[in-house]
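# Structural features, examined
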Amino acid sequence: KPSAAFPHLRSPTSEHARELFLLMNSRPGSLLTTLLDCTKESGDANAESLEKYNVDWTGHYRGFSSIVVRPNSTDEVSRILKYCNEHLVGIVPQGGNTGLVGGSIPISSKEIVLSLEKMNTIEDDGRESNVLRAQAGCILQDLQDHANKNGSLVPVDLGAKGTCQIGGNVSTNAGGVYYYRYGSLHANVLGLEVVTPTGDVLNLGYSPVSHLKDNTGYDLKHMFIGSEGTLGVVTKVALRCQPSPVSRGAIWLSCNSLQDVVKVLNIARTERLSEILAAFEFMDGDVLELVRQTHPSIRFPLLNAGDTDAPMQPYSILVETHGSHDQHDREKLESFLECIFEEGLVTDGVVAQNLGQIEDFWKIRELCNPSSAASGYVYKYDVSLKARDFEGFIRDMKLRLGDVSHASSSADHHLLCVNWGHIIDGNLHCNIVSGGKFEKDTGLEKFINECVFQEVMKRNGSISAEHGLGQYKHNYMPQIKDPPTLQAMYDVRSLFDPNGIMNPGKYLPST
Ligand code: FAD
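These figures come from a predicted structure and were not determined experimentally.

Each value, and the rule that gives it
Starting from 1, residues in each chain are numbered consecutively following that chain's sequence as written. Per-residue local features of the predicted model are confined to residues with pLDDT of at least 70, and side-chain atom pairs are confined, for both listing and counting, to 80 or more; whole-chain, interface and lining totals are unaffected and use all residues. For side-chain calculations, the full set of non-hydrogen atoms in the structure is used, while hydrogens and water are omitted. The definitions used throughout rest on a 1 Å grid laid over the protein atoms alone, on which a cavity is an enclosed set of points accommodating a 1.4 Å probe that cannot get out and a pocket is an open set flanked by protein within 12 Å on both sides along at least five of seven lines; lining residues are those having an atom within 4 Å of a point. Grid points are joined across faces, edges and corners, and a volume is the space filled by probe spheres set on the points. A helix here means a DSSP run of H or I that spans at least four residues, while a strand means a run of E at least two residues long, and both kinds are numbered starting from the N terminus. Polar here means any residue other than Ala, Val, Leu, Ile, Met, Phe, Trp, Tyr, Cys and Pro, which are nonpolar, and Asp, Glu, Lys and Arg, which are charged; Gly is therefore polar. The rule is simple: take the accessible area with a 1.4 Å probe, protein chains only, and divide by the maximum for that residue type; under 20% is buried, over 50% is exposed, in between is partly exposed. DSSP calls a pair of strands paired once it identifies at least 2 bridges connecting them. Values of pLDDT, which run from 0 to 100, indicate the predictor's confidence residue by residue. Distances are taken per atom, and a residue is near a molecule or strand as soon as one of its heavy atoms is within 4 Å of it. A 3.5 Å cut-off defines polar contacts: any pair of N or O atoms within that distance qualifies, except that in protein one atom must be a possible hydrogen donor and the other a possible acceptor, and neighbouring residues in sequence count only when both atoms are side-chain atoms. For the accessible areas, the method is Shrake-Rupley and the probe is 1.4 Å, while residue cover comes only from the protein chains on display. By definition, a pocket or cavity contains a molecule when more than half of the molecule's atoms lie within 2 Å of the pocket's grid points. Geometry of aromatic contacts follows a simple scheme: Phe, Tyr and Trp rings, the Trp one being its six-membered ring, pair when their centres are within 6.5 Å, and the pair is stacked under 30 degrees between planes, edge-to-face over 60, tilted otherwise. Salt-bridge detection follows one rule: a side-chain nitrogen of Lys or Arg within 4 Å of a carboxyl oxygen of Asp or Glu.

A few words on the layout of surface pockets. Estimated volume of the largest pocket: approximately 940 Å³. Taken together, 49 residues line the largest pocket, and the ones lying closest to its centre are Thr-98, Gly-99, Leu-158, Ala-160 and Cys-164. Going through the elements one at a time, β3 (90–94), α6 (166–172), β10 (233–240), α13 (355–366), α14 (368–373) and β17 (415–422) are the ones with two or more residues in the lining of the largest pocket. Broken down by element, the lining of the largest pocket gets its largest block of residues, 5 residues, from α6. For the lining of the largest pocket, the per-class residue count stands at 17 nonpolar, 26 polar and 6 charged. Roughly 690 Å³ of volume is contained in the second largest pocket. The wall of the second largest pocket is formed by 33 residues, among which Gly-226, Ser-464, Leu-469, Lys-481 and Tyr-507 lie closest to the centre. Looking at the lining of the second largest pocket, the elements that each hand over two or more residues are α17 (477–480) and α18 (483–496). Take the lining of the second largest pocket: its biggest share by element is 3 residues, from α18.

As a further point, take the pairing of strand β8 (residues 189–195). Of all 7 residues in β8, 7 are buried; the element is thus mostly enclosed. As paired elements, β8 and β10 share 6 bridges and run antiparallel to each other. Its bridge partner being in β10, Val-194 is matched across the sheet by Val-234. Note: β8 against strand β9 (residues 201–204), 3 bridges, orientation antiparallel.

The subject of this paragraph is the sheet that holds β3. One open sheet holds the 4 strands; their spatial order is β1-β2-β4-β3, and the pairing between them is mixed. Since the sheet does not close on itself, it has two edges, and those belong to β1 (31–32) and β3, each with one partner. Strand direction decides the pairing type here: β1 and strand β2 (residues 68–69), joined by 2 bridges, are antiparallel. Paired with Leu-32 across the strands is Val-68, a residue of β2.

With that settled, the discussion passes to the confidence of the model for the chain. For the chain, the mean per-residue pLDDT works out to 92, and 94% of the residues sit at or above 70. Taken over the whole predicted complex, pTM reads 0.95, whereas the ipTM for its chain interfaces reads 0.99.

Here we take up the site of the ligand. Around the ligand, the structure places 36 residues, and the nearest of them are Pro-93, Gly-95, Gly-96, Thr-98 and Gly-99. The backbone of Gly-103 places a nitrogen or oxygen atom 3.3 Å from an oxygen atom of the ligand. The separation between a nitrogen atom of the ligand and a polar side-chain atom of Glu-466 is 2.9 Å. Starting from 970 Å² of accessible surface for the ligand in isolation, the protein chains cover 97%. Among the cavities detected, the one that contains the ligand is the largest pocket. Sorting the residues of the shell around the ligand by element identifies β3, α6 and β10 as the ones contributing at least two each. Broken down by element, the residue count for the shell around the ligand peaks at 5 residues, all from α6. Looking at the shell around the ligand residue by residue, the class counts come to 11 nonpolar, 23 polar and 2 charged.

Under the criterion given, the structure shown has 7 aromatic pairs. Judged by centre distance (6.2 Å) and plane angle (40 degrees), the ring pair of Tyr-381 and Tyr-472 falls under tilted. Residue Tyr-381 is found in strand β16 (residues 376–384), and its partner Tyr-472 is found in the loop between α16 (442–458) and α17; the two are separated by 91 residues along the sequence. Take Tyr-472: its relative accessible area is 13%, and that puts it in the buried class.

For the structure on display, the rule yields 27 salt bridges. A salt bridge links Glu-123 to Lys-236; the shortest N-O distance between them is 3.2 Å. Taken as a pair, Glu-123 in strand β5 (residues 122–124) and Lys-236 in strand β10 lie far apart in primary sequence, 113 residues in all. For Glu-123, a relative accessible area of 36% gives the class partly exposed. Exposure remark for Lys-236: the relative accessible area of 14% places this residue in the buried category. A salt bridge links Lys-236 to Glu-193, with the shortest nitrogen-to-oxygen separation between them at 4.0 Å. Here Glu-193 lies in strand β8 and Lys-236 lies in strand β10, a separation of 43 residues in the sequence.

See below:
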């Protein structure tokens, strides 16, 4: 428990816990604590373990917070932040805890976790306006289901949708599978309500009427989108939704090379699907093999049922289309298929016949992450590159991983480099799975980090496409941002959080 970290902060005591509980109107279940002997004073049932708040989805990050506060309202968030700011207690905002860079997990015992899970009310389901307005703790999938019932579509979708929260999505500027088609959260968030560390509640365009256009002053909501809980707590989100597509289609394709995948992508984007193209994902055969091993009952579109020995195709592609005219969209899909077969770019392909089959295709894609995690310790990377550079990057990574015996404390590593991602956005998820081993090897991680960093920089890429910085990538900031830019970031952070209580030790390296 690194309590020596963050000398400017104080370790929370049972007195702090008791006072925080009072600030939350003494509601049962609003404060959890197991390590501090304060439950009697607070009257909290204390039945739940703090474990789930101290360990993230990957299991790679473990914290030691002894207090978890679960406010019910913006007003309670405001009082908590004001109190912590005055008493120099660190705060880690936490959504669904599905972030992949350890941003939602405390680093020291001097931070408390502020979970948004009780703030999950949908204030306006967007029936009239196509603008969803909701508290930050709403689960993404619940919002999607609500929007769907009203004939609209939430513009963000990702594999963690059943657990992640809209406030977490905003705070990480989550990308996901429809980013190309509908744009980023910077484009789709129309308003936010946020609470700053001093307890001030800022209304940044969150109102019953959210405007698409509003040029009245600095657009501060953008500072909070992607700032990973370092500037304050997002408490409410107004999200622009699109009309649900009248016609949805999908195809599953297989290719022999990544060069062919890129050619298929270009044909889809510029010639044959263009305005109806909604998503274009690729997966390599190695990751699909892990999906097959960890989920033997899954049926793969281009393999015969029960044929467990058939080799996986080297690369698979999942394309989804959104349009407004079924026949027109089908014709476009057919013409696309004809073209890529004629040019010899794909070895096989199948068109989904109904919505159920589209969902089955997505299920396989969404299992890439959990299947890798179930196969061993995963050194996870999420990089931006030009699509045509994916092949060279993966080739060089595999070559360099051949040298791994020099870097690791253990000789018998079976490292598997598996890859998938939103190739249409130039976003590659490169995952190095240490087969059968579930413990991190620090020397090995250092070695792989260095390889990834060098290979990405060589290609003018980005070391974090969509997962953010958290406590995993933040130390690279001085190497990737020029000094004035980095200084401006520090200045923004201390403007909002002069006492350094918000998510300390993350996002920007400690100075
Ligand atoms: P958390 O993990 O709880 O928090 C993430 C960060 O945001 C932390 O720094 C936290 O302090 C901060 N935070 C959370 N809530 C708030 C708030 N209300 N106010 C202020 N700060 C807050 N990401 C993508 O971008 N695209 C993908 O396609 C994608 N796929 C994924 C698939 C799987 C299976 C998994 C496990 C993760 C995936 N992710 C993806 C990563 C993750 O789901 C996203 O980063 C997501 O947006 C995190 O939301 P969360 O609610 O879980 O946030």
